[in-house]
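# Observations on the three-dimensional arrangement
As a plain string of letters, each chain reads:
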Amino acid sequence: MKYVDEFRDPTKAKYLLREIGSLVEKIEVCKRRPLHIMEVCGGHTHSIFRYGIESMLPDGIELIHGPGCPVCVLPMGRVDDCVALAEMPGMIFTTFGDAMRVPGSKKSLLQAKADGADVRMVYSPLDALNLAKRNPDREVVFFGLGFETTMPSTALTVLQAHAEGVKNFSLFCNHITIIPTVKAVLDSPELQLDGFLGPGHVSMVIGNASYQFIAERYRRPVVIAGFEPLDVLQSIWMVLKQIAEGRAAVENQYNRIVPEDGNDVALNAIGEVFELREFFEWRGLGSIDHSGVRIRDAYATYDAERKFTVPAVKIADPKSCQCGEVLKGVIKPWDCKVFGKGCTPETPLGALMVSSEGACAAYYQYGDIEKVHQQKVEFKTGEFA
Amino acid sequence: MSTIESVVIPARKSRDKVTADKVTLAHGGGGKAMRDLINDVFIDTFNNAVLDTLEDQARCSLADLAAQGDRLAFTTDSYVVDPLVFPGGDIGKLAVCGTVNDLAVGGAKPLYLSCAVIIEEGLDIGVLRDVVRSMAATASAAGVLVVTGDTKVVHRGSCDKLFINTAGIGVIRAGMDLGANKAQPGDAILVNGVLGDHGATILSARGDMMLASPIESDCAALHDLIDTILDAAPGTRFLRDATRGGIAAVLNEIADASRVGIEIVETQTPIRSEVKGFCEILGLDPLYLANEGKLVCVVPDNQKDAALIAMKAHPLGVEAAHIGHVMEGGRPGRVVMQTVFGGRRIVDMLVGEQLPRIC
C-alpha cells in the first residue's frame, strides 16, 4: 500500500532501534530503572500492539498506555444513558462500532440491540444525519464520543442539521478534551513519567501550543507522534534524545499531518457548537474539571440530554477494577486483580478490556505477556522466507 | 427431512408457471401456488432425475457410493447473507460452494446436496429465480446434484428476505484421514490465495460504511483444487476453508487441537492492497475477515513445495503462499505473527464480532 508501507519498513526500524539502544546506554537514569514513556492516545496503543513494538524495544524503556482511548474512559452511567435513549419508543440510536460493547451497569448497547432497541453502527455522524432525513417519523440520536479528533465532524453535523432544519436529529454529547486529562495524570502523586508521545490526530485539530505547559511546568519532553510503527519508534527516539540532552520541549514528529497552530476551520466549528462542562466523569480517573464539552444553548434543540430525559445516574466503577491505576501507569494490566480472570474481552468488567485500544484488551489480545515482561526476544524477519 | 414437496400434491399434473411478482404466504401454503413455485422455480432449474421423482426423500445407490470411497461424509450449513447478491456471488452460489467445501476439506468427493429455503413474504420472485439459477449453475460446475429440498414462506419480519440451508453428502476416499489434531512441529502452513476478500466485499456491499470498493467475493468451490493438493502432497495433515473468523480462527483451531504453537509471517501472508486499505480505514484486521474460497493447508515441510506448485498451477490457487509453520517448542494453542515491522504479536480468536474503531 503506497504511503503506508513506507512507514512500516523493517530496515528503517532496525536502524531506529539501534539508535534508541545507544541513547538508552547514554541516559544515566536507565542504569537504575526503566524510563517510563506514556503514549497518551489509544491509537498509539493499538499500533504498539499491532506491530509488536514493545517486544522490540530495549529493556531500559517501558511504555505506559495512557488515557486516550475515548471508549475506555466512558463511565458506566453514560452507557446506561445511551441504553435508556436507545430503548425509547421510535428511537434510532446511532454509534461508532467499538462503543457498542462497552458495559453499562445493566447492559451494553449490543445487548440493548438484542433486546429489541434499534441501535445502528455508523462510521460518520453524517450517516446518522442522513438516517434522520430518511426516517422523518423517527427520532435519531448520534452518540458523540471522542477527543478533539472526532469533535469537529460532530460539530459540523450539528451545524448541517441546523442549516437544513432537520428536527428529528440530536446528539448525545460525550466528547472529552485531552489537555485537562493529561494534567490530571501529571498531577497524580503516585506517578512517575519521563516523557510523552503526544496524540497525533488530536493535535492535528488543536495544534502544539497546548502542550507547552508539560515541557515548561512539568519539565517533561512531549513528542507529537504519528500512528505508523516507524512514527512511534522515531517519536520514542526523539523523547530519549531530549532526555539524553537534558531538554524538555514540545516537538512534532507528525508534521506531515499536524500544523503548529492546528486547524482553524475545525476549531471554529467546535467553538461554535460546544462549550466546556464544569466537569466530566471519567471511568477510572473520576471527575476531571473542564474535561468534557456540551452543546451550547444556541443549538439546544440538537442536544439529546435536553430533548429527552436520561437517567444521568452516576455509577461507581466496579470495586475489583483497577482501570484507573492502569490508565495512570501505576500498575501494568496484568498486575490488576481481575485481569484475564473476572475481566476478559468476552466479559469485560473494566472499560480497558472493551476496545482494542484499551491497554488491557491489547495485552490480552496481542501481547505475549510472559515474554513482554520477563524477557525481550529478538526476532529475525524472514526467518524462513 | 422432507423433500421439496413437503405436502403431498400431484406435482406433475400441471406445469403452470409462477405469474406473481412477489412471494406470498400462499406460496408456502401447500396449494397450487406452492406447487407451481416448486416446479417452476426449483425442480425445473435443478433439473435432475433424482429430484424429478418427487419422492419425500432422495434415494441414492449405496453401491455407487461405496465404489468411490470407504466412508460417508455428511455436513450441513445455513446461509443468511445480507445483501443476497454481492460482487462476485450471491447467496445461492455461497450455499452450494460452502457446503461443497465443507465436504471437500475432509477429503471427501462431494456428491449430493439438499436445498431448504425459508423465504420472507414479499421477496421478489425474480430474485428467487436468480438465486436458484445460480445454485444450479454452481452445483453443475462442481459436479454435485441437488437431490432434495424444502420450501417455507414466513411472515414479513420473521426472516430477512431469504435463508438457505444446504446439507451435503460426499464420500471419503480410502486411506484419507485429515484432522485438525494432526499438525506436527515443522509442518508448513499454506493458503491458496489472498485473504479477506469475501468479508470486505460483504461489509462494503451492505452500504453501512459508505465505502465503495472494487473488491469481489472469492466465493468458489474448492474440491478440485483440494484433489490437486492431495495428489501432490499425500501426507497433507489438515485442510480447512477459512470462512467466518478468517484464517485466525482456523489457525487457532489447529494450534488448539494439535497442542502446538503456530507462527505466521505477515509479509508472506497474501492480502490484496484494496482489502488492506479497507481494513486500515475501518480499523479491522484482515486475518479475521471471512473467506469463501480460501483454505488453510497443513503439510509436512518436505511436501510443501509440491503442494505449492500444484496449487499455483490451479486457477483457484494462483496466488497460493507459504505463510508460516508449526513451531518447534511453541506454546501449545498459541498463534503468533511476525509483523511486517519485525515485531511479534499474538493472533488470538476473535471475541464476538469485529467492530470498526472510532478513530
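Residues numbered from 1 in each chain as written. Chains lettered and ligands numbered in written order. Predicted model: local features only at pLDDT ≥ 70, side-chain atom pairs only at ≥ 80, totals over all residues. Heavy atoms only, no water.

## Considerations on the overall build of chain A
Note the cut-off: Per the convention used, a helix needs a DSSP run of H or I reaching at least four residues, while a strand needs a run of E reaching at least two, with both numbered from the N terminus. The quantity called the radius of gyration is restricted to C-alpha atoms. Its globule counterpart is 2.2 Å times the number of residues to the power 0.38. Any residue under 20% of the maximum accessible area for its type is buried, any over 50% is exposed, and the rest in between are partly exposed; the area is computed with a 1.4 Å probe on protein chains only.
What chain A contains, in helices and strands, is 15 helices and 13 strands. A compact globule built from 385 residues would reach a C-alpha radius of gyration of about 21 Å, and chain A, at 21 Å, matches this within 12%. Its C-alpha atoms give chain A principal-axis dimensions of about 65 × 50 × 45 Å. Sorting the 385 residues of chain A into buried and exposed places 59% on the buried side.

## Thoughts on the environment of Leu62 of chain B
All names here are of chain B. Note that Leu62 resides in helix H3 (residues 62-66). By relative accessible area, Leu62 is classed as exposed at 67%. Between the C-alpha atom of Leu62 and that of Cys279, which follows or precedes it by 217 residues, the distance is 48 Å.

## Overview of the packing of aromatic side chains
All names here are of chain A. We apply this condition: Planes of paired rings set the category: under 30 degrees apart is stacked, over 60 is edge-to-face and the rest tilted, where pairs are Phe, Tyr or Trp rings (Trp by its six-membered ring) whose centres lie within 6.5 Å.
Counting across every chain of the model gives 11 aromatic pairs over all chains. Taking the centre distance of 5.9 Å and the plane angle of 45 degrees together, the rings of Phe147 and Trp282 count as tilted. One end of the pair, Phe147, is in the loop between strand E5 (139-146) and helix H6 (151-164); the other, Trp282, is in strand E11 (residues 279-282), and 135 residues separate them in sequence. Considered together, Phe147 and Trp282 belong to a single accessibility category, that of buried residues. Considering the side-chain rings of Trp334 and Tyr363, the 5.0 Å spacing of their centres and the 85 degrees angle between planes classify their relative orientation as edge-to-face. With Trp334 in the loop between helix H13 (323-327) and helix H14 (359-366) and Tyr363 in helix H14, this residue pair connects regions lying 29 residues apart in the sequence. Taken together, the ring pairs in this structure connect Phe49, Trp334 and Tyr363 into an aromatic cluster.

## Comments concerning the nonpolar core
Just so we agree on the cut-off: For our purposes a nonpolar core is just a set of buried Ala, Val, Leu, Ile, Met, Phe, Trp, Tyr and Cys residues, chained together by side-chain atoms within 4.5 Å. In what follows, a contact means two residues having at least one pair of non-hydrogen atoms within 4.5 Å.
Core analysis: the largest hydrophobic core is formed by 106 residues, its most contacted members being Phe93, Phe143, Phe169, Ile178, Phe196, Tyr211 and Phe274 of chain A. Not counting chain neighbours up to four residues away, the residues in contact with Phe143 of chain A comprise Leu74, Cys82, Phe93, Thr94, Thr95, Ala99, Leu109, Phe172 and Asn174 of chain A. If you look at the next biggest cluster of nonpolar residues, it comprises 42 residues, including Val23, Phe86, Leu94 and Ile119 of chain B.

## Overview of helix H3 (residues 76-86) of chain A
Judged by how many residues are buried, H3 of chain A sits mostly within the fold: 10 of 11 residues are covered. For H3 of chain A, the set of buried residues is Met76, Gly77, Arg78, Val79, Asp80, Asp81, Cys82, Val83, Leu85 and Ala86 of chain A.

## What to know about the pairing of E5 of chain A
All names here are of chain A. This is how it is decided: When DSSP finds at least two bridges between two strands, those strands are taken to pair. With the strands pointing away from the viewer, any crossover whose connection runs clockwise from the first strand over the helix to the second is right-handed.
Within E5, seven of the eight residues are buried, which leaves it mostly tucked inside the rest of the structure. Here strand E3 (residues 91-95) runs beside E5; their pairing, made up of four bridges, is parallel. Note on E5: the bridge partner recorded for Phe93 is Val141. Summarising the sheet, E5 and strand E6 (residues 169-175) pair through seven bridges and their orientation is parallel. Within E6, the position partnered with Val140 by the bridge is Phe169. Viewed along the sheet, the connection from E5 through H6 into E6 turns out right-handed.

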